[in-house]
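Coordinate analysis (summary)
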Amino acid sequence: MMFRFLLLLLLACTGGVALEAQNDLPTDFQSRLDQAGLSFIYPADAGYKQRKNGDSPYLDSHYTIRSRKEKMEIRYHVLPYDEHDPTADLPHIKASRLLIHLASNDATKLLTGHNLSSQSLKEDYQADWGKVFYFQPKASFSTYQHCQMLALFREGKGMAYVFFLFNQPQPTIEYRMQALEFVPEEETVN
């Protein structure tokens, strides 16, 4: 939580670059964030710029940014809660199903996943469930060699996925994982 506060303070001191960039989010993406009760922090450093969302038969990204400096692309996919979806309250099934669609079918390729700690879920994301997956993506999803997928869920709000695509692991990826957070309940009541 302290990290998030310091990050927000740093962004505020840099002239509101993050807030200005948030105003430029595509309407559809901002609407999805609002419906799912998510806040988004645009990475104001490292020269991230919006890119056209890639055409993939497996997943339509709702927002895509890329940094030449960090040599990384980040894609966001947000699914607001849908009471008519039979898997709406089964985030582990939704995330696993998506992972199977996006990961390489080559049996020699690495695929791992680990649950986020309950402390991280509460303090960093305000989420009820979350998991981080690492895999090598199908070429039709991305030409990058590696993908780290963050999957977050909050009951009654929805599911969010963040895809970090890269050829070489970047030390900044840990900071980029803090870009999405479900809005705390006390803030949504007002």
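Predicted model, so just to flag it, every value in this text is computed and none were measured. (Residues numbered from 1 in each chain as written. Predicted model: local features only at pLDDT ≥ 70, side-chain atom pairs only at ≥ 80, totals over all residues. Heavy atoms only, no water.)

1. With respect to the nonpolar core
The following threshold applies: Put simply, a nonpolar core is a bunch of buried Ala, Val, Leu, Ile, Met, Phe, Trp, Tyr and Cys residues held in one set by side-chain atoms that sit within 4.5 Å of each other. Type-normalised accessible area, obtained with a 1.4 Å probe on protein chains alone, sets the label of each residue: buried when under 20%, exposed when over 50%, and partly exposed for intermediate values.
Judged by nonpolar contacts, the single largest core of 31 residues is most densely connected at F40, Y76, L150 and F164. L98, F133, F141 and L165 belong to the second largest nonpolar core, which has 19 residues in total.

2. Section: the sheet that holds strand β2 (residues 49-51)
Going by this rule: A pair of strands is labelled paired if DSSP reports no fewer than 2 bridges between them. By the criteria applied, helices consist of DSSP H or I runs no shorter than four residues and strands consist of E runs no shorter than two, each listed in order from the N terminus. Interaxial angle, 0 to 180 degrees, is taken between N-to-C directions of lines fitted to C-alpha atoms, where a helix line uses only the stretch in contact. A contact between two residues is defined here by any heavy atoms of the two lying within 4.5 Å.
Taken in spatial order, the seven strands line up as β2-β3-β4-β8-β7-β6-β5 in an open sheet, and their pairing is antiparallel. The open sheet has two edge strands with one neighbour each: β2 and β5 (111-115). Here the average twist between neighbouring strands, direction ignored, is 20°. Packed on one face of the sheet, helix α3 (residues 27-36) meets β3 (63-67) and β4 (72-80) and runs near 55° to β4.

3. Section: the pattern of salt bridges
Heads up, the condition is: What counts as a salt bridge is simple: a side-chain nitrogen of Lys or Arg found within 4 Å of a carboxyl oxygen of Asp or Glu.
Counted by the stated rule, this structure contains six salt bridges. Across the pair E73 and R75 runs a salt bridge whose closest N-O atoms are separated by 2.7 Å. Beyond isolated ion pairs, a larger network of salt bridges with shared partners links D45, E70 and R176.

4. Some details on the environment of L38
By the element assignment, L38 lies in strand β1 (residues 38-40). The exposure class of L38 is buried, given its relative accessible area of 5%. Separated by 88 residues in the primary sequence, L38 and Q126 have C-alpha atoms spaced 9.5 Å apart. When residues no more than four places from it in sequence are discounted, the contact partners of L38 are L33, V78, A160, E181, F182 and V183.

5. Some words on the environment of P26
Tracing the backbone through its elements, the reader meets P26 in the loop between α2 (17-23) and α3. A sequence separation of 37 residues divides P26 from Y63, and the C-alpha atoms of the two residues are 7.7 Å apart. In this structure, P26 is in contact with Q50 and Y63, ignoring residues within four places of it in sequence.

6. Description of α3
Quick reminder of the rule: The directions considered for the arc run from the helix axis to the C-beta atoms.
Buried residues of α3: F29, L33 and A36, and no others. Down the axis of α3, the buried set is contained in an arc of 75°. They therefore lie on one face. Set apart from the buried face of α3 by more than 90 degrees, the exposed residues are T27, D34 and Q35. Along its buried surface, α3 packs onto β1, β3, β4 and β9 (180-182). Immediately downstream of α3, the backbone of G37 shows phi near 65°, a positive value.

7. Side note on the packing of aromatic side chains
Here is the rule we go by: In this analysis, rings of Phe, Tyr and Trp, with Trp reduced to its six-membered ring, are considered paired at centre separations within 6.5 Å, and the interplanar angle assigns stacked below 30 degrees, edge-to-face beyond 60, and tilted for intermediate values. In this scheme, Lys NZ or Arg CZ marks a charge over a ring once it lies within 6 Å of the ring centre and within 35 degrees of the ring normal.
Throughout the structure, instances matching the rule amount to nine aromatic pairs. Between F40 and Y76, the ring centres sit 5.1 Å apart and the planes meet at 90°, which makes this aromatic pair edge-to-face. Of this pair, F40 sits in strand β1 while Y76 sits in strand β4, placing them 36 residues apart in sequence. Residue F40 is classed as buried on the basis of its relative accessible area, which comes to 2%. With a relative accessible area of 0%, Y76 lands in the buried category. Ring pairs connect the aromatic residues F29, F40, Y42, Y63 and Y76, which therefore count as one cluster. Looking at R75, its charged tip hangs above the ring of F141, at a distance of 4.7 Å from the centre.

In short, shape yes, function no, at least from these values alone.
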